[in-house]
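Structural overview for review
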Amino acid sequence: MSATDHITIDSLTGGIYRPVFDTHAHYLDEEFDACRETLIETLRASSVVHVMEAACDLSDVQKIVRLCEDYPGFFFGAAGIHPHNADSYSEHSLESLRSSFAANRSLRAVGEIGLDYHYDFSPRETQKACFDAQLSLAGDLDLPVIIHDREAHGDCLDLLKAHRSRLSGVMHCFSGSYETARECLDLGLYLGIGGSLTFRNAKKLVEIVPKLPLDRIVLETDCPYMAPEPFRGRINDSRYIQLVLKRVSELRHESEDFLASVFLGNSLSLFRM
Ligand SMILES: [Zn+2]
């Protein structure tokens, strides 16, 4: 048993939960199989206003639509092919995505899509082709994108710039330099800030967050991953965003109430609600 095992999110927040929009989550992950329904009720009772459930693959899309139907107005969905699964991309899969968006109003974004040169699970050229095609799709459908960029900032920005005339969306789990942040902001993107802001090695992000324009920040969990400190390594959920909010408040010297209301408004604008 570690020293933090007895600490709970309720004890850290004192039971005060500000309204939040979790702009990036994976509640369909098998980590939640044993507790999903109970957990979702707990979230709703803890001021989680909306959740954007992000797809990793085409096989997720119908499950996400069902989740949104089960919790109307609470869950919204993103549909897309994650760079890890770029191998599965084809003309046919793109058409399937297009018809899913046409048939389901709960699908509000194309995501998560992008490049991952950390794991390189798919060849880089395939990742780029898959990302490029989905950026075009988002442009055609006039939808925001949720971008996954891991150790691929240069190629990622090149592709985003090529689509800039029709681009809107969010850099999920932003991890770049201040210069990269500026380039993303110049493209009109939002930056998604999550649990990694609280990590002990979050030096770069800690320096960047106070310099960002407030109207470009949204919060996210990426749950079940990326639990903030002191829960790092455990299963994350949308209540833990409160700890990210608290960290942003400390870094920017702005109140949690004020920031929560700004970030909620930003998230609604991002997904055009
Ligand atoms: Zn994700």
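Cut-offs applied
- The numbers attached to residues start from 1 for each chain and follow its sequence in the written order.
- Where local features are concerned, this predicted model is filtered to residues with pLDDT of at least 70; where side-chain atom pairs are given and counted, the filter is 80 or more; whole-chain, interface and lining totals use all residues.
- As a rule here, side-chain values come from all non-hydrogen atoms in the structure, and water together with hydrogens is ignored.
- Starting at the N terminus, helices and strands are each numbered in turn, a helix being any DSSP run of H or I of at least four residues and a strand any DSSP run of E of at least two.
- Any residue under 20% of the maximum accessible area for its type is buried, any over 50% is exposed, and the rest in between are partly exposed; the area is computed with a 1.4 Å probe on protein chains only.
- Atoms are scored as donors when they are N, O or S and lie within 2.8 Å of the metal, with 3.2 Å used for Na, K and Ca; no water is included, so coordination may look incomplete.
- For four-coordinate sites, all angles between 85 and 135 degrees define a tetrahedron; for four- and six-coordinate sites, opposite donors beyond 155 degrees with the remaining angles between 65 and 115 define square planar and octahedral shapes respectively, and all other cases count as irregular.
- Here the axes come from fitting lines to C-alpha atoms, over the contacting stretch only for helices, and the angles between their N-to-C directions go from 0 to 180 degrees.
- Orientation categories follow fixed angle ranges, with anything under 35 degrees roughly parallel, anything over 145 roughly antiparallel, 65 to 115 roughly perpendicular, and all other angles oblique.
- Each crossing gets its hand from how the near helix is turned against the far one by less than a right angle, where anticlockwise is left-handed and clockwise is right-handed.
- In this analysis, two residues are considered to be in contact whenever any of their non-hydrogen atoms come within 4.5 Å of each other.
- Contacts described as polar in this section are N or O atom pairs within 3.5 Å, which, within protein, must combine one atom able to donate a hydrogen with one able to accept it, while residues neighboring in sequence count only if both atoms come from side chains.
- Computed over the protein atoms alone on a 1 Å grid, cavities are sets of points where a 1.4 Å probe fits but cannot get out and pockets are open sets with protein on both sides within 12 Å along at least five of seven lines; a residue lines them when it has an atom within 4 Å of a point.
- Grid points are joined across faces, edges and corners, and a volume is the space filled by probe spheres set on the points.
- As a working rule, the residues Ala, Val, Leu, Ile, Met, Phe, Trp, Tyr, Cys and Pro are called nonpolar, Asp, Glu, Lys and Arg charged, and the rest polar, with Gly in that last group.
- Whether two strands pair comes down to DSSP finding at least two bridges between them.
- Side-chain rings of Phe, Tyr and Trp (the six-membered ring for Trp) are treated as a pair once their centres are within 6.5 Å; stacked means planes under 30 degrees apart, edge-to-face means over 60, and tilted covers the remaining angles.
- We count a charge as sitting over a ring when the NZ of a lysine or the CZ of an arginine lies within 6 Å of the ring centre and within 35 degrees of the ring normal.

**Details of the environment of Glu30**
- Topologically, Glu30 is positioned in the loop between β1 (20-25) and α2 (36-44).
- Judged by its relative accessible area of 66%, Glu30 falls in the exposed class.
- As a C-alpha pair, Glu30 and Pro224 span 194 residues in sequence and 9.3 Å in three-dimensional space.

**A closer look at the coordination of the zinc ion**
- For the zinc ion, the full set of protein donor atoms is His24 (NE2), His26 (NE2), Glu112 (OE) and Asp222 (OD), at a range of 2.1 to 2.4 Å.
- Classification of the site at the zinc ion as irregular follows from its 4 donor atoms and the range of 87 to 178° in their angles at the metal.
- Sequence spacing of the donor residues for the zinc ion, all on one chain, is H-x1-H-x85-E-x109-D. Separated by 196 residues along the polypeptide, His26 in the loop between β1 and α2 and Asp222 in the loop between β8 (217-219) and α9 (241-252) bring together distant segments of the chain.
- Using a relative accessible area of 7% as the deciding quantity, one classes His26 as buried.
- By relative accessible area, Asp222 is classed as buried at 11%.

**Points about unusual backbone geometry**
- Between Cys223 and Pro224 the backbone carries a cis peptide bond, its omega angle lying at 15°.
- Considering the arrangement of structural elements, one finds Pro224 in the loop between β8 and α9.
- Although it is not a glycine, Met226 sits at a positive phi angle of roughly 65°.
- Within the element layout of this structure, Met226 appears in the loop between β8 and α9.
- Met226 sits in the partly exposed class, given a relative accessible area of 26%.

**Quick notes on the packing of helix α6 (residues 153-162) against helix α7 (residues 178-186)**
- Taken N-terminus to C-terminus, the directions of α6 and α7 make an angle of 15°; their axes are 11 Å apart at the nearest point. When the axes of α6 and α7 are compared, the pair comes out roughly parallel. As α6 packs across α7, the resulting crossing turns out to be left-handed. Mapping the contact onto sequence places His153, Leu157 and Lys161 in α6 and Thr180, Glu183 and Cys184 in α7.

**Focus: the side chain of Arg252**
- Along the chain, Arg252 turns up in helix α9.
- Look at Arg252 and you get buried, because its relative accessible area is 15%.
- At 2.9 Å, the side chain of Arg252 forms a polar contact with the backbone oxygen of Val209.

**Remarks on the layout of surface pockets**
- Approximately 960 Å³ is the volume attributed to the largest pocket.
- Lining the largest pocket are 34 residues, and of these His148, Arg150, Cys173, Asp222 and Met226 lie nearest its centre.
- Of all elements in the fold, only β2 (48-54), β4 (107-116), β5 (145-150) and α8 (203-208) reach the threshold of two or more residues within the lining of the largest pocket.
- A per-class count over the lining of the largest pocket returns 13 nonpolar, 10 polar and 11 charged.
- Of the volumes computed, that of the second largest pocket is approximately 180 Å³.
- Lining the second largest pocket, in full, are Leu28, Arg36, Glu37, Ile40, Lys63, Arg66, Leu67, Asp70 and Tyr71.
- Mapped by element, the contributors of at least two residues to the lining of the second largest pocket are α2 and α3 (61-70).

**Remarks on the sheet that holds β4**
- The 8 strands are arranged β1-β2-β3-β4-β5-β6-β7-β8 in an open sheet whose pairing can be described as parallel. Every other strand in the sheet has two partners, leaving β1 and β8 as the edge strands with one partner each. Pairwise comparison of adjacent strand axes, ignoring direction, gives a mean angle of 30° for this sheet.
- Docked against the sheet, helix α5 (residues 124-141) engages β4 and β5, running at close to 155° with respect to β4.

**Section: the environment of Tyr71**
- Turning to its location among the elements, Tyr71 is positioned in the loop between α3 and β3 (75-79).
- Residue Tyr71 is classed as buried on the basis of its relative accessible area, which comes to 12%.
- The residues contacting Tyr71, other than those within four sequence positions of it, are Glu37, Ile40, Glu41 and Arg44.

**Examining the packing of aromatic side chains**
- Scanning the model with the defined rule gives 7 aromatic pairs in all.
- Arranged with centres 5.1 Å apart and planes meeting at 25°, the rings of Tyr119 and Phe121 form a pair that is stacked.
- Taken together, the ring pairs connect Tyr27, Phe32, Tyr71, Phe74 and Phe75 into an aromatic cluster.
- The aromatic ring of Tyr117 is capped on one face by Arg124, whose charged end is 4.0 Å from the ring centroid.
- If you follow Arg232 out to its NZ or CZ, it ends over the ring of Phe199, 3.7 Å from the centre.

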